[in-house]
Structure formats: C-alpha cells, structure tokens
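Next come the chains, spelled out residue by residue.
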Amino acid sequence: MENQNNVTEFVFMGLWGNKQMELLFFFFFLLCYLAILMGNFIILLTITCSHLIEQPMYYFLCHLSLMDLCYTSTVVPRLIRDLGAARKNISYNNCMTQLFTEHLLAGVEIFILVSMALDRYVAIVKPLHYMVIMNRRRCNVLIFMAWGVGFWHSVSLLLVVLSLPFCGPNQIDHYICDVKPLLKLVCKDIHVVNILMIANSGMVVVAVFLVLVASYILILYNLRTHSSAGRRKALSTCSSHVMVVILFFVPCIYIYVLPAGSENKDKEISVFYTVIAPMLNPLIYTLRNMEMRIAMGKKLWCYNDRFWGQGKPGEY
C-alpha cells in the first residue's frame, strides 16, 4: 500500500498547559541554557588551550562537552521559544531534521562515554601500557567509531519514521520531535514498529549501560591492589564518570524501553538528559577533578595578568 502523509506540520503540546507556569520555566530554561553554554565553553577552552588535551581522558571530555553543546542547541532554543509562543508549531521537514540530529548527537555522546570508561579501565588495570594502548591514533579511531555508530542509529531510525503514514492528528504530546510521541500519531498498527524502535534505541541503551556498569565493577575490583592515595584519585575520577552515566542513561532507559502508547512521564523525564545532565556535567567534571581546577586557575591568572599588564611576552 502506498504511504499516505497528509501532515505538513506538527504542533507541540509542550511541557505544561498552564501559561503562567510556561512563562516561569521560560526564564528557568533560558538560565539553564546559558549555564550549559558557559560551562561547556569553559571546559573546551581550558582543555584545548592547555597540556590536558594531550591526555586521552581530557581529549574525550573535550568531545563530550562539544556534544553537550551541540545536542542542547538542537533542543533547548526551540523549547525556550515555544514556552513564550502562542502557537508551538514545527514543519514536517524540520521535525524530521530535529529527530535525526538529536539521535545522531545522543548516539555519539553515548559512545564517547563508553570510550571514557575504556580509558579509565586501561589506566587503572593496565597502567604500564596505558599510553601505548590509548595513543592519539586509537583515541581518534574511537571518536570516528562513535560518529559512525551514531549516524547508523539515527539514519535507521529516520528511515523507519519517514516510511510511516501521518494522515490525521498532528499534536505532539512533547516539546521535541522524538520517535515515541510521533508513533502515537501514526494512522496504522505500530506493534512491529514499536519492537523495532525498542531494539534500535531501548535495548542498545540498556546493553551499553550494562557494559559501563560491568567496566566500573572491574575497575573497583582491580583497585584493591593500589595504594590508598591511588585508590582515592581513581575513585574521584571514576565517580565523576559514574554520576554522568547515571544522569544520562537512567532517564533514557525509562523512556526508550517502554513502548509507545503506554502512559508515562516521557516529556518530563526527558528534561534530565536534554537540559539537566548537560548543565551539571561541567560542574561534575571540574569540582571533582583537581587537574581541571588547576588548569582553570592557571588560565584565570594568565588572563588576569594580561589584563593588568603584568604578564611577560609569550607567558602562558
């Protein structure tokens, strides 16, 4: 049967129906977005303009901050605009573009987190071979693989959604174009599509999360042989990763494992990985990381000296 699509635009129902609540959260999400931009730009500048960029952990952290910036910029500006708008509409083509982009960037971010876990595992379990195993060429390969897997995931998801007929209602019970709220508008049986979506997104997220949990259990097991100072340093670094992984993966698992059509709090829970996690990541990685704090302090003093004319020519 030929695919029929009579919908040219969608209308977001948003997070809340209350206009006063929406105005309040307009300013809240605006402040959150500014905090995301400032925090992640600070991390990018601190790492790229210091010796930290030579270390694999900070190389991956730099890419993670870039993904947080790009991902939130595909979601949050439109959310802020819609909170202050009378009509929250988006064209069909723009909706599909947002769907593809957000899943591409989220997929890349997931596998950057896997690369960061691998980096910590090698650093703690095989410290003598760390720089040989985690050389820059291998780090670049891991980043390229993350982009490749993310692209494959988002393209396959997009092709499935593009093949579905939207011939009736066009109100999306969400604030972004995501696969589950879109499936509720499809005018055909979606049981098979639900299974495909859970396999493509839900099971992948669960499998990756279990791999990450297993890697951190192995890291904790191997820390028994380290000195108390080494254990403290390793636990401080790993605890930051664990907090970021939990903030990102737990809401994703809740949303993408359950089938479309089930009654849940998808749009409220999704705020955690679209806004809250990218905002907290810079705080988690800087407040709990001595090297980042020292590097940021050096940059601050450097700019302060230059501003007051006390820095020497060429001094960093």
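These numbers come from a predicted model, not from an experiment.

Considering the pairing of strand S1 (residues 9-12)
Part 1 of the reasoning: Bridge count for S1 against strand S2 (residues 89-91) is three bridges, and the pairing is antiparallel. If you follow glutamate 9 over to S2, its bridge partner there is serine 91.
Part 2 of the reasoning: Bridging between S1 and strand S3 (residues 171-172) involves two bridges; their strand directions are parallel. Bridge pairing in S3 places phenylalanine 12 opposite isoleucine 172.

With respect to the packing of helix H5 (residues 136-162) against helix H7 (residues 191-222)
Part 1 of the reasoning: Closest axis-to-axis distance for the H5/H7 pair is 11 Å, and the angle between their directions is 170°. Judged by the inter-axis angle, H5 sits roughly antiparallel to H7. Facing H5, whose interface residues are His153, Ser156, Leu157 and Val160, H7 presents Val193, Met197, Asn200 and Ser201.
Part 2 of the reasoning: Residue composition of the contact of H5 with H7, by class: four nonpolar, four polar and no charged.

So, the packing of aromatic side chains
Part 1 of the reasoning: Scanning all chains against the criterion turns up twelve aromatic pairs.
Part 2 of the reasoning: With a centroid separation of 5.8 Å and 85° between ring planes, the pair formed by phenylalanine 25 and phenylalanine 28 is classed as edge-to-face. Separated by three residues within a single helix, phenylalanine 25 and phenylalanine 28 lie in helix H1 (residues 19-48), roughly one turn from each other.
Part 3 of the reasoning: Between phenylalanine 26 and phenylalanine 27 the ring centres are 5.2 Å apart and the planes differ by 90°, which places this aromatic pair in the edge-to-face class.
Part 4 of the reasoning: A relative accessible area of 21% means that phenylalanine 26 is categorised as partly exposed.
Part 5 of the reasoning: Chaining the aromatic ring pairs together yields one cluster made of Phe209, Phe248, Phe249 and Tyr273.
Part 6 of the reasoning: When the ring centre of tyrosine 59 is taken as reference, the NZ or CZ atom of arginine 136 above it lies at 4.2 Å.

Let's talk about the nonpolar core
Part 1 of the reasoning: The biggest cluster of nonpolar side chains holds 76 residues, and the ones touching the most others in it are Phe10, Leu61, Phe166, Leu182 and Phe249.
Part 2 of the reasoning: Sort the elements by how many residues they give to this core and helix H3 (residues 92-125) lands first, with 17 residues.
Part 3 of the reasoning: Excluding its chain neighbours within four sequence positions, the residues that come into contact with phenylalanine 10 are Lys88, Asn89, Ile90, Tyr92, Cys95, Met96, Phe166, Asn170, Ile172, Leu182 and Leu185.
Part 4 of the reasoning: Within the second largest apolar cluster, 15 residues are counted, among which are Phe29, Leu79, Ile176 and Val271.

Observations regarding the environment of valine 206
Part 1 of the reasoning: For valine 206, the position within the fold is in helix H7.
Part 2 of the reasoning: The exposure class of valine 206 is partly exposed, given its relative accessible area of 23%.
Part 3 of the reasoning: In this view, valine 206 contacts Ile253 and Val257; residues no more than four positions away in its chain are not counted.

Quick look at the environment of serine 65
Part 1 of the reasoning: In this fold, serine 65 is placed in helix H2 (residues 56-83).
Part 2 of the reasoning: In this structure serine 65 touches Asn40, Ile43 and Leu44, once residues within four positions along its chain are discounted.

Side note on the state of the cysteines
Part 1 of the reasoning: Within this structure, the stated rule accounts for one disulfide.
Part 2 of the reasoning: Shown here is the disulfide that connects cysteine 95 with cysteine 177, its sulfur atoms set 1.9 Å apart. When the S-S torsion is -120°, as for the bridge of cysteine 95 with cysteine 177, the disulfide is left-handed. In this pair, cysteine 95 is assigned in helix H3 and cysteine 177 in the loop between S3 and helix H6 (179-183), connecting sequence segments 82 residues apart. Neither cysteine 95 nor cysteine 177 differs from the other in exposure class; each is buried.

Overview of the sheet that holds S3
Part 1 of the reasoning: If you walk across this open sheet you meet the three strands as S2-S1-S3, and the pairing is mixed. Two strands lie at the open edges of the sheet, namely S2 and S3, each paired on one side alone.
Part 2 of the reasoning: Against the sheet, H3 touches S1, S2 and S3, its axis set at about 85° to S2.

Examining the pattern of salt bridges
Part 1 of the reasoning: Summed over the entire model, instances satisfying the criterion amount to four salt bridges.
Part 2 of the reasoning: Put simply, aspartate 82 and arginine 81 hold a salt bridge, and the shortest N to O gap is 2.9 Å.
Part 3 of the reasoning: Between aspartate 173 and lysine 267 there is a salt bridge whose closest N-O contact spans 2.8 Å. With aspartate 173 in the loop between S3 and H6 and lysine 267 in helix H9 (residues 266-269), the pair connects residues that are 94 residues apart, well separated along the chain.
Part 4 of the reasoning: The exposure class of aspartate 173 is partly exposed, given its relative accessible area of 35%.

Some thoughts on the environment of leucine 164
Part 1 of the reasoning: Mapped onto the fold, leucine 164 is located in the loop between H5 and S3.
Part 2 of the reasoning: In sequence terms leucine 164 and valine 193 are 29 residues apart; their C-alpha atoms lie 9.2 Å from each other.

What about the UniProt feature "transmembrane region" (unreviewed entry) in the protein chain?
Part 1 of the reasoning: UniProt's feature table lists "transmembrane region" (unreviewed entry) at residues 23-45, 57-80, 100-118, 139-164, 203-223, 235-257 and 269-287, given in the numbering used throughout.
Part 2 of the reasoning: The span residues 139-164 is 92% helical and 0% strand by assignment, and the distance between its end C-alpha atoms comes to 38 Å.

Describing H2
Part 1 of the reasoning: Spanning 28 residues, H2 covers 40 Å between terminal C-alpha atoms, matching the ideal 40 Å at 1.5 Å per step.
Part 2 of the reasoning: The axis of H2 is deflected most strongly, by about 40°, at serine 73, and proline proline 77 appears within four residues downstream.
Part 3 of the reasoning: Taking burial as the measure, the 28 residues of H2 include 21 buried ones, the bulk of the element.

Each value, and the rule that gives it
Residues numbered from 1 in each chain as written. Predicted model: local features only at pLDDT ≥ 70, side-chain atom pairs only at ≥ 80, totals over all residues. Heavy atoms only, no water. Pairing = 2+ DSSP bridges. Helix = DSSP H or I, 4+ residues; strand = E, 2+ residues; numbered from the N terminus. Axes fitted to C-alpha atoms, helices over the stretch in contact; angles between N-to-C directions. Parallel < 35°, antiparallel > 145°, perpendicular 65-115°, else oblique. Contact = heavy atoms within 4.5 Å. Nonpolar A, V, L, I, M, F, W, Y, C, P; charged D, E, K, R; others polar. Phe/Tyr/Trp six-rings, centres within 6.5 Å; stacked < 30°, edge-to-face > 60°. Buried < 20%, exposed > 50% of the residue type's maximum accessible area, 1.4 Å probe, protein only. Lys NZ or Arg CZ within 6 Å of the ring centre and 35° of its normal. Core = buried A, V, L, I, M, F, W, Y, C linked by side-chain atoms within 4.5 Å. Disulfide = S-S within 2.5 Å. Salt bridge = Lys/Arg side-chain N within 4 Å of Asp/Glu carboxyl O. UniProt positions renumbered as here; feature names shortened; annotations may be inferred. Expected span 1.5 Å × (residues − 1). Bend = angle between axes of the 7 residues up to and from the residue.

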